[in-house]
Amino acid sequence: ILGNIKLFIFSLIVLTTTRSLVGGFHAKGFWGCFSLSLFFFLTTYFVTINFADIIYMYRIPILIVCQLIFIIKAPVASEKKPIYTKERYRTLKLSAIVITLCWTMVLIFAISDIYLSSIGTITIVLQTIQLVVRKNHLLFKGGQTNEKV
């Protein structure tokens, strides 16, 4: 794992630039957050190492589906970051769509390294899953999405 630190750093960059706009799970406390983050990054790493060729081959349809989901579902608010106004909601939605579209273009057209492109793709996929699960979970709990708009 330590020999592939560039994969971790790239995944971290993709995640931090998308997650801050899209939203996702928030664990309670340091250890919960640490465990969730560790699980996330280990998953991206091991999936990439074992399936890079397949991910790279199918990255275009995978990223298009993720982009469509971001357009429909993003953003999701959290207890710590509720969305109070329609203007803020629209700003976050547009920003989320633009940043994920930029990453989609970069991963498809600008990165020829199979492992970097694959880990970026898997990072987007896991962020998409997190978004869908979190948004649907909040809606299932009675419509409380922390979006006050």
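Being a predicted model, the structure only gives us computed values, none of them experimental.

The rules behind the values
Residues numbered from 1 in each chain as written. Predicted model: local features only at pLDDT ≥ 70, side-chain atom pairs only at ≥ 80, totals over all residues. Heavy atoms only, no water. Helix = DSSP H or I, 4+ residues; strand = E, 2+ residues; numbered from the N terminus. Buried < 20%, exposed > 50% of the residue type's maximum accessible area, 1.4 Å probe, protein only. Contact = heavy atoms within 4.5 Å. Areas by Shrake-Rupley, 256 points an atom, 1.4 Å probe, with all protein chains shown as cover. Salt bridge = Lys/Arg side-chain N within 4 Å of Asp/Glu carboxyl O. Core = buried A, V, L, I, M, F, W, Y, C linked by side-chain atoms within 4.5 Å. Expected span 1.5 Å × (residues − 1). Bend = angle between axes of the 7 residues up to and from the residue. pLDDT = per-residue confidence, 0-100. Axes fitted to C-alpha atoms, helices over the stretch in contact; angles between N-to-C directions. Parallel < 35°, antiparallel > 145°, perpendicular 65-115°, else oblique. Left-handed = near helix turned anticlockwise from the far one by under 90°. Nonpolar A, V, L, I, M, F, W, Y, C, P; charged D, E, K, R; others polar.

**Considerations on the overall build of the protein**
- When helices and strands are counted, the protein shows 5 helices and 0 strands.
- In sequence order, the secondary structure elements of the protein are arranged as α-α-α-α-α.
- Among the 149 residues that make up the protein, the fraction classed as buried is 38%.
- Contacts in the protein between residues far apart in sequence, at least 24 positions, make up 83% of those at least 6 positions apart.
- Total accessible area on the protein is roughly 8600 Å²; 72% of this is exposed by carbon and sulfur atoms.

**Some points on unusual backbone geometry**
- Each neighbour pair has its own omega, and for Ala 74 with Pro 75 the value is -10°, a cis peptide bond.
- Summarising the element assignment, Pro 75 is placed in the loop between helix H3 (59–73) and helix H4 (86–110).

**Observations concerning the pattern of salt bridges**
- Evaluated as defined, the whole model comprises 1 salt bridge.
- Among the salt bridges present, the one from Lys 6 reaches Asp 113, with a minimum N-O distance of 3.8 Å. Pair noted here: Lys 6 is in helix H1 (residues 5–22) and Asp 113 is in the loop between H4 and helix H5 (114–140), with a separation of 107 residues, a long-range link.
- For Lys 6, a relative accessible area of 47% corresponds to the partly exposed category.

**Here's the deal with the nonpolar core**
- By size, the foremost hydrophobic cluster in this structure holds 19 residues, and its most contacted members are Phe 10, Val 22, Phe 70, Ala 74, Leu 107, Ile 124 and Leu 131.
- When residues of this core are traced back to their parent elements, those giving at least two are H1, H3, H4 and H5.
- When neighbours within four sequence positions are excluded, Phe 10 is seen to be in contact with Trp 103, Leu 107, Ile 111, Leu 116, Ile 119 and Gly 120.

**Considerations on helix H2 (residues 30–57)**
- If you check H2, its first and last C-alpha atoms are 37 Å apart, about what 28 residues at 1.5 Å a residue would give, namely 40 Å.
- In the structure, H2 departs most strongly from a straight axis at Phe 51, where the bend amounts to approximately 90°.
- Buried residues of H2: Phe 40, Phe 41, Thr 44, Tyr 45, Thr 48, Ala 52 and Ile 55, and no others.

**Focus: H1**
- Here H1 is 18 residues long and its end C-alpha atoms lie 25 Å apart, about the 26 Å a rise of 1.5 Å per residue gives.
- Remark: Gly 23 follows H1 within two positions and exhibits a positive phi of approximately 95°.

**Quick notes on the confidence of the model for the protein**
- Chain-level statistics for the protein give a pLDDT mean of 85 and a share of 87% at 70 or above.
- Within the protein, H5 has the poorest average pLDDT of any element, 85, and H3 the best, 94.

**Some details on the packing of H1 against H4**
- Where H1 contacts H4, the axes come no closer than 8 Å and their chain directions differ by 155°. The orientation of H1 relative to H4 falls into the category roughly antiparallel. Both H1 and H4 take part in a crossing whose hand is left-handed. Packed against H1, whose contacting residues are Phe 10, Ile 13, Val 14, Thr 17, Thr 18, Leu 21 and Val 22, the element H4 presents Leu 92, Ser 95, Ala 96, Ile 99, Thr 100, Trp 103 and Leu 107 at the interface.
- Counted by class, the contact of H1 with H4 contains 10 nonpolar, 4 polar and no charged residues.

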